[in-house]
Amino acid sequence: MALTDTELARRTAGGKMKRKISEYFSYYLLLLPFVFFYGAFTLYPLVHGFIVSFYDWKILGEKQFIGLQNYIKIFHDSVFYSSMWHTILFVLISTPVIVVAGFLFACIVHQPLRGKTVYRLVFFVPIVLSVSVVASVWSAVLDSHTGMLNSIIKLFGSKGEILWLSHPTLAWLAVIVITLWWTVGFNMILYLAGLQEIPDELYEAAKMDGANAWKSLLYITIPALNRITVLITFLQIIASFKIFSQVYLVTQGGPAGATRTIIQYIYEEAFKKYSFGPASAMSYIFCFVLLIISMIQLRISKERE
Amino acid sequence: MVNRLGILSVFLSILIVSACSSASNVGESDVGNAKSAEMKTKVVFWDLFSGGDGAVMTEIVKEFNETHPNIEVEKITQEWGEYYTKLTTSVLGNKAPDLGVSHATRVLQLSTEGVIQPLDEEAARNGIDFSDFAGTSIEVTTFDGKHYAVPIDYHALLLFWNKPLAEKYGVLDENGKPIFKNYDEFVSMLLKIKETGGDIMPLAINGNGTHPFRFWYSVYKQMGGGDIYNSNQNKATIDPEIGLKSLKAVYDLFHTHKVISPGIKKVDEVFQSEKAVFMINGTWAVNNTLNGLKDKLDVMEFPNLFGTPAVYADSHTFILPKNPRRDQKTADAAMTFVKWVTDNGWKWSKAGHLPTTNKVLESEELKKQPLRDKYKEEVKQMVFLPPNPKVWFASYSQLSDVFDALWINQTTPEEALKNIEQVINEALK
Amino acid sequence: MKEKKLNTGRILLYVCATVITAVWLIPLLWVLLISFKPSGSGVISIETWFTPPFSHSNYIYVFNNAPILLWLWNSTFIAFITTILVLLICSMAAFAFSNGRFPGYSPMFWVILAGLMVPGEAFLVPLYILFRDLGMLDTYQALVLPHIAVPFGMILLKQFFDGLPKELYEAAKIDGCGIFRLLFVITLPLSRSALAALGIFTFLGSWKEFIWPFISITSAEKMTIPVGIPFFNSEYNEDVTIPMAANVIVSVPVIIVFLIFQKQIVKGISFSGIKG
C-alpha cells in the first residue's frame, strides 16, 4: 500500500521536525489573540502607569520627570492614609460578616423547608442588580428625612431623624449592610454547593452516636467546608479592598470624608483634580499592598494542602 | 491548513472590526459636517442642568430647533457633579462638544487649563454685543481683553416659605413678609415656630455639599468679610474674626438653637411635603417648588441678617470648548443659538434664575412670571467667589468635607476655620 | 424526603427565613410602590405610600428625558460581545497551554498567572491615557477590549481541559486531526459546562461594571446602565420618586432573565468558584 503524504511525513526525521514546527506555529496562533490583547490592555498599562507615577503629568501639555516626588507627596498626605485606613477597616469588618452570613443563608436554604427555592431566589436576586440601582434604592431607603426606614421607625414613636448617611459611624454601618444585601448571594451559592457535597451518611452516623444538630454543625459541616471557606474568604478580602462604587454613589465618601475609600481617592485625584502622577503612584502602592495580601493568601492555602 | 487560515481570519476580523468602528466614530462627524453643507448644521451642546431647570432648557432647545430649520442643537445634559470632569476629558480626548456651559467663576480655570477658547470673533460675527451684559459675570470672564463667556443667568440663594404654615405660626407681618430685621430676630422667629410647631421644621436647608457653604459665604460677606483667598498670592485670606463669627452664626442655627435639622439631602421633598415652614434654596428650585406648592409658596431675597446685604451667587455662561473639528459654520450656528437664548432670556428665567441683560430684566415677559419681582432686586446684593486659575472652590471635595464636619457637629467652628485655611492653602500651593 | 417534624427548631428556622426574606425584599417592593407616586406628591409619611395619587408620570418622564432603553441595549450588547470574545480567545489560549509544549511556554504562562493578582481598578489612569491616545475614549471598544484577555478565564478553562481524557486526543491525532479541529470540533463541545460557567461569570461582570465605563464614556448614547442611572440622583436632582421609576425600568428585565435562567446561573457561579 502506498504511503500517504502524511504517513510519509510522520515517518521521516525531517518530517518530524517539520511537524513539530508546524505544531508550534499552530499553538502560537492559538495564543496570539490572548497575548495580543493581554499585552496591549493589561501589561502595557501596567508598565506605563508605573512610568507615569514618576512624572508630573498635566492634563494638557508637557509632562515633567520628577522622580520620587509623587510618592513622597503621598506619604505626607493625610487623606491618603485615612482612605487606606477606611478601606482596611471595611475589609476587616465586612469580610467576616459577609462570609458568615453567606454560610448561614446557605444553611437555611439547604434545609428541606417549604418554599426554599423562594428563599434562595430572594437572597440571590440583589446580585443581578446594577450597583447604581442598588445605590439609588438604598440612598432613598436610608435618607434621613424622606427615606423608608425612618418613616417606619417614626411609626414606633421616635421623634428625631436618624442620620443613617450623615453620621460617620452610621454611614459605615449603612455601607456594610448595603454590601451585604447586594453580595451575600454569591457566598451563599458557593457554600450551598459545598453543603450539597457533604454525604448524608455522615449526619446519619452522627445522629446515631447521639449528636444533636449543634454538634453536627460544629464537627461535620464546618470542617467539611474548610476549603470553600478559605476560598470565599480570600475572594471576599480581595473584593472588599477594591470597594468603590456603592460607597461613592451612596455617601460620596462622606460625611466629611469619613467613608472615602482608597479607590475613590485615586479616582478623585486622577479625574477630578487631573493629577495623574500622584494617582498613578497611589495605584501602584495599592497594587503592591494587594499583591502582598494575595501572596499571603497563596502561602496559606499552599500550607493547608 | 484551512483551519489555521480560519484562526488567522477570525483574529484579523476582530482587529478590523475594532479599527473600523473607531474609524467610523471619527468618520461620523466628518460625514456629518459634509452633510451639513446641504442640510442642517448640527451643534452638539453640553449643559449641566440636571436639576429642575433642565426641563426648561429642553423646552428652549426644542423651540429653537423648531424656529431655526437649518440648525439642529443636540443637547446632552451631564450630571452636575461630573460635568466639568466630562468636559475636560472630552477636550483631552478630542471629542469635545461644540458648545458648553460653565459657571462664571470657573471660566478662568477652564481657560488656564486650555479647555475653552475666547469667543470675541464668533460673537461679533453673530451680533452679540458684550456691553448688553455689563455686570459681575462679564467682569470675571474677561481676561487679557478677551471675552471667554456669554452670560446666561445669575443664580443665588433665596428664602422660601410656606404661606399658610407661616401664617399659622404668626411669623408674617401684614404685608405677608416674615418678621425679622436682623439675625437675632431671625432666630427668635424660628424658635417661635420650633416651640409651638411640633415636628414641623422651622428652617430646612440641604445639610451637606454646596448649600450650607453658600449660606455661610453669604453670612461672611454680610458681616463685611473680604476675599477668602487671594489668587495672586495663592493663599487663604479669611478674616479671622469675621470668619469665626460667621461660622458660629450658621453653626448655631444647626446645633445651638437647633432651628435647622441637620442631614437633609432632599430639601425640596421635605419643603413640598410641608414639613418645614422656611427653606433656603436657590433660584433653580423656584420652578419645581412652584409646581409643588403652587400659591402656598412665597419667596424673597436672601435675608439680610448682619447689615450689608450679600448673597452667594454665580452665573451660568455659554462657553466654546476647544474643538478643532468644529468648523466656522457650526461655530456660527452655536452662536446663533446663544444669541437667541440670551435675547429671549425670560424663557430661561422660567427656571427661576435671573436674566443677565437689563433688557430682559425690565421686559414685560419677565414681569408676567410668578414671583420673579419678589427677588428681582437680588441682583444688587450678589457676591461671587473670586475666580481662581487652579481650583474651583465652589465644589472642592476637601473643602466641603471640612464644612460638612461642622454641620454634623463633628468639629467646632474654631477647628473648622483652621482646617478651611489649611485646605485652601494646600490647594493653592 | 425526610419527615418534616414541626419542632421548635424548624419553627425558628421558618421564622428566620421569612424575616430575612421580608427584609431583603422590602426595599425593592417599596421602590416599586413609590415609583408610581408622581413627583412632588410627597412620600415622607407612610400613609402617602398607600394613598393616591398614583400615576405612571415618572415613567413617562424617565423615557422622555433619558435614553434609558438605549442604556439597556448598550449594557446587553457590550456584555454579549465581551462574553463571546472572552470565550473564544480564552479557550484558544487555554487549549494551547493545556495541550501544547512549545518554547516560551513557562514564561508566558507565569506572566499571565501573575495577572490574576492585578486589580483592574488600580490601572484606570494608564488605561485612560492609552485609550485617549488611541482616540478610542467614549467608544464600545473601550468597554470591551480591556476585558477580553482575562487570566481568570484562561486558567479556568485550562484546568478544565487538563481534566479531559488524553486518550480522546490520541485517538483523534491518529485519525490525522489537526490542532484547530481538535479544539473546535472535539474539546469545546465537551466543555459546555465550563464555557457556560465562564460565560455567565463574564456576562454578569461586564453588565455590572461601573468605574471604567463611568470614566471613559461621556456621551449619553453610549452609556451603560450603571453609568446612566446616577444621573437621576445628583445633588441638584431632588426628586425622590423619579429615580425609582428609572431603577424599576432597568431592573425588571434583568430580574426576569434571571428568573428564567436561574438554574444555569447558579450552576455557573458554583462551578467557577469551586474550580477557581
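Note that the coordinates shown come from a computational prediction; the quantities given were computed from them, not determined experimentally.

1. Description of the overall build of chain B
1) Next: Broken down by element type, chain B carries 18 helices and 15 strands.
2) Next: At 24 Å, chain B has a C-alpha radius of gyration in line with the 22 Å of a compact globule built from 429 residues.
3) Next: Buried positions account for 62% of the 429 residues belonging to chain B.
4) Next: When contacts within chain B are restricted to residue pairs at least 6 apart in sequence, long-range pairs at least 24 apart make up 76% of them.
5) Next: Here chain B displays about 16,300 Å² of accessible surface, and carbon together with sulfur accounts for 52% of that area.
6) Next: Looking at chain B, you have 45 positive and 55 negative side-chain charges, and the mean spots of the two groups are 3 Å apart.

2. Examining the interface of chain C and chain A
1) Next: Across the contact, 97 residues belong to chain C and 91 residues belong to chain A.
2) Next: Of the roughly 8,500 Å² buried at the junction of chain C and chain A (both faces included), carbon and sulfur atoms supply 80%.
3) Next: Looking only at chain C, the three residues that lose the most surface to chain A are W24, M117 and V125 of chain C, adding up to 9% of its buried area.
4) Next: Connecting chain C to chain A are 1 salt bridge.
5) Next: A salt bridge links E121 of chain C to K242 of chain A; its shortest N-O distance comes to 4.0 Å.
6) Next: The class makeup of the residues in the side of chain C that touches chain A is 78 nonpolar, 12 polar and 7 charged.

3. What about the packing of aromatic side chains?
Two aromatic rings, taken as a pair, are described by how far apart their centres are and by the angle between their planes.
1) Next: Within this structure, the stated rule accounts for 74 aromatic pairs over all chains.
2) Next: For the ring pair F254 of chain B and W407 of chain B, a centre distance of 5.3 Å and an interplane angle of 25° mean the geometry is stacked. One end of the pair, F254 of chain B, is in helix α10 (residues 240-255); the other, W407 of chain B, is in helix α17 (residues 397-407), with 153 residues separating them in the sequence. No difference in accessibility class separates F254 of chain B from W407 of chain B, as the two residues are buried.
3) Next: Taken together, F244, Y248, Y267, F271 and F276 of chain A together with Y128, F210 and F214 of chain C form an aromatic cluster joined through their ring pairs.
4) Next: Geometry around Y84 of chain B places R106 of chain B over its ring, the cationic atom sitting 4.1 Å from the centre.
5) Next: If you follow K37 of chain C out to its NZ or CZ, it ends over the ring of F54 of chain C, 5.2 Å from the centre.

4. Details of the packing of helix α8 (residues 151-162) of chain C against helix α11 (residues 192-208) of chain C
Residue and element names in this part refer to chain C.
1) Next: Where α8 meets α11, the axes come as close as 10 Å, and the angle between the chain directions of the two elements is 165°. By the angle between their axes, α8 is roughly antiparallel relative to α11. Seen along the crossing, α8 lies across α11 with a hand that is right-handed. Contacts between α8 and α11 involve F152, G153, L156, L157 and F160 on the former and, on the latter, S193, A194, L195, L198 and F201.

5. Examining the environment of V219 of chain B
Residues and elements named next belong to chain B.
1) Next: Relative to the assigned elements, V219 resides in helix α9 (residues 210-222).
2) Next: Judged by its relative accessible area of 2%, V219 is buried.
3) Next: Placed 87 residues apart in sequence, V219 and D132 show a C-alpha to C-alpha distance of 31 Å.
4) Next: Sequence-distant contacts of V219, defined by excluding residues within four places in its chain, comprise S246, A249, V250 and F306.

6. Observations concerning the interface of chain B and chain A
1) Next: Opposite the 31 residues of chain B that make contact, chain A presents 34 residues.
2) Next: Buried area between chain B and chain A, both sides added, is near 2,800 Å², and the carbon and sulfur share of it is 63%.
3) Next: Connecting chain B to chain A are 1 salt bridge.
4) Next: We note a salt bridge from D401 of chain B to R260 of chain A, for which the minimum N-O separation is 3.0 Å.
5) Next: The interface formed by chain B and chain A contains 5 residue pairs in polar contact (both at pLDDT 80 or more).
6) Next: Elements supplying a minimum of two residues to the side of chain B that touches chain A: α1 (2-36), α3 (83-92), α11 (267-272) and α17 of chain B.
7) Next: Counting residues per element, the side of chain B that touches chain A draws most heavily on α1 of chain B, which supplies 6 residues.

7. Looking at the domain arrangement of chain C
All names here are of chain C.
1) Next: By the assigned domains, chain C splits into domain 1 (2-57) and domain 2 (59-275).
2) Next: Here the C-alpha centre of domain 2 lies 34 Å away from the C-alpha centre of domain 1.
3) Next: With 11 residues of domain 1 in contact, the opposing surface of domain 2 contributes 10 residues.
4) Next: Between domain 1 and domain 2 lies a buried interface of about 890 Å² when both sides are counted; carbon and sulfur atoms form 69% of it.
5) Next: Seen at the junction of domain 1 and domain 2, the total is 0 salt bridges.
6) Next: Counting across the domain 1 and domain 2 interface gives 7 residue pairs in polar contact (both at pLDDT 80 or more).
7) Next: It is helix α1 (residues 8-34) that provides the largest number of residues to the side of domain 1 that touches domain 2, a total of 3 residues.

8. Observations regarding the confidence of the model for chain B
Residue and element names in this part refer to chain B.
1) Next: Summarising the model, chain B shows a mean pLDDT of 85, and 91% of its residues fall at 70 or more.
2) Next: When pLDDT is averaged over each helix and strand of chain B, the minimum, 47, is found for α1 and the maximum, 95, for strand β3 (residues 100-103).
3) Next: For the stretch residues 19-37, pLDDT sits under 50, and the model shows 14 contacts to residues farther than four places along the chain or on other chains.

9. Some remarks on the packing of helix α4 (residues 78-110) of chain A against helix α5 (residues 116-124) of chain A
Residue and element names in this part refer to chain A.
1) Next: Their axes nearest at 9 Å, the elements α4 and α5 cross at an angle of 155°. Judged by the inter-axis angle, α4 sits roughly antiparallel to α5. Listed contacts from α5 to F105, V109 and H110 of α4 are K116, Y119, R120 and F123.
2) Next: Residue classes in the contact of α4 with α5 are distributed as 4 nonpolar, 1 polar and 2 charged.

10. Topic: the pattern of salt bridges
1) Next: Taken as a whole and assessed by the stated rule, the structure comprises 20 salt bridges over all chains.
2) Next: A salt bridge links K339 of chain B to D343 of chain B; the nearest nitrogen and oxygen atoms lie 3.2 Å apart. Residue K339 of chain B and its partner D343 of chain B are located together in helix α13 (residues 328-343), separated by 4 residues, close to a single helical turn.
3) Next: Residue classification places K339 of chain B among the partly exposed positions, given a relative accessible area of 28%.
4) Next: Each member of the salt-bridge network shares a partner with another, and the members are R260 and E268 of chain A together with D401 of chain B.

11. What about the pairing of β3 of chain B?
Residue and element names in this part refer to chain B.
1) Next: The two faces of β3 match: G100 and S102 on one face and V101 and H103 on the other face are all buried.
2) Next: Across 4 bridges, β3 lies against strand β13 (residues 311-321) in antiparallel orientation. In the strand pairing of β13, G100 is matched with I319.

12. Focus on the environment of P255 of chain A
1) Next: Positionally, P255 of chain A belongs in the loop between α12 (245-251) and α13 (262-271).
2) Next: Overall, P255 of chain A belongs to the buried group, its relative accessible area being 10%.
3) Next: Through-space distance from the C-alpha of P255 of chain A to that of N70 of chain A is 27 Å; in sequence the pair is 185 residues apart.
4) Next: Sequence-distant contacts of P255 of chain A, that is, excluding residues within four places in its chain, are made with L165, S166, H167, P168 and A171 of chain A together with I408 of chain B.

13. Digging into unusual backbone geometry
1) Next: Here A256 of chain A, not a glycine, exhibits a phi torsion of approximately 55°, which is positive.
2) Next: Summarising the element assignment, A256 of chain A is placed in the loop between α12 and α13.

14. Here we look at the state of the cysteines
1) Next: Evaluated as defined, the whole model comprises 0 disulfides over all chains.
2) Next: As a non-bridged cysteine, C107 of chain A has C16 of chain C as the owner of its nearest cysteine sulfur, 11 Å distant.
3) Next: C287 of chain A provides the cysteine sulfur closest to C90 of chain C, a residue in no disulfide bond, and the two sulfurs are 20 Å apart.
4) Next: A relative accessible area of 0% places C90 of chain C in the buried class.

15. Let's talk about a positive patch on the surface
1) Next: On the surface, a cluster of positive charge is contributed by K16, R19 and K20 of chain A together with R101, K166 and K173 of chain C.
2) Next: Elements with a contribution of two residues or more to the positive patch: α2 (13-52) of chain A together with α9 (166-174) of chain C.
3) Next: The biggest single contributor to the positive patch is α2 of chain A, with 3 residues.
4) Next: For K16 of chain A, the location among the structural elements is in helix α2.

16. Examining helix α6 (residues 131-142) of chain A
Residues and elements named next belong to chain A.
1) Next: Across its 12 residues, α6 extends 16 Å between first and last C-alpha, which sits within 8% of the 16 Å expected from 1.5 Å per residue.
2) Next: Counting buried positions over the 12 residues of α6 gives 12, a clear majority of the element.
3) Next: By the burial criterion, the buried members of α6 are V131, S132, V133, V134, A135, S136, V137, W138, S139, A140, V141 and L142.

How each quantity is defined
- Residues numbered from 1 in each chain as written.
- Chains lettered and ligands numbered in written order.
- Predicted model: local features only at pLDDT ≥ 70, side-chain atom pairs only at ≥ 80, totals over all residues.
- Heavy atoms only, no water.
- Helix = DSSP H or I, 4+ residues; strand = E, 2+ residues; numbered from the N terminus.
- Rg over C-alpha atoms; globule rule 2.2 N^0.38 Å.
- Buried < 20%, exposed > 50% of the residue type's maximum accessible area, 1.4 Å probe, protein only.
- Contact = heavy atoms within 4.5 Å.
- Areas by Shrake-Rupley, 256 points an atom, 1.4 Å probe, with all protein chains shown as cover.
- Lys, Arg positive; Asp, Glu negative; His and termini not counted.
- Charge placed at Lys NZ, Arg CZ, Asp CG, Glu CD.
- Buried area = accessible area lost by both parts, 1.4 Å probe.
- Salt bridge = Lys/Arg side-chain N within 4 Å of Asp/Glu carboxyl O.
- Nonpolar A, V, L, I, M, F, W, Y, C, P; charged D, E, K, R; others polar.
- Phe/Tyr/Trp six-rings, centres within 6.5 Å; stacked < 30°, edge-to-face > 60°.
- Lys NZ or Arg CZ within 6 Å of the ring centre and 35° of its normal.
- Axes fitted to C-alpha atoms, helices over the stretch in contact; angles between N-to-C directions.
- Parallel < 35°, antiparallel > 145°, perpendicular 65-115°, else oblique.
- Left-handed = near helix turned anticlockwise from the far one by under 90°.
- Polar contact = N/O pair within 3.5 Å; in protein donor to acceptor, adjacent residues only side chain to side chain.
- Domains from an automatic or database assignment.
- pLDDT = per-residue confidence, 0-100.
- Pairing = 2+ DSSP bridges.
- Disulfide = S-S within 2.5 Å.
- Patch = residues over 30% accessible without salt bridge, like charges linked within 9 Å, V, L, I, M, F, W, Y side chains within 5 Å.
- Expected span 1.5 Å × (residues − 1).

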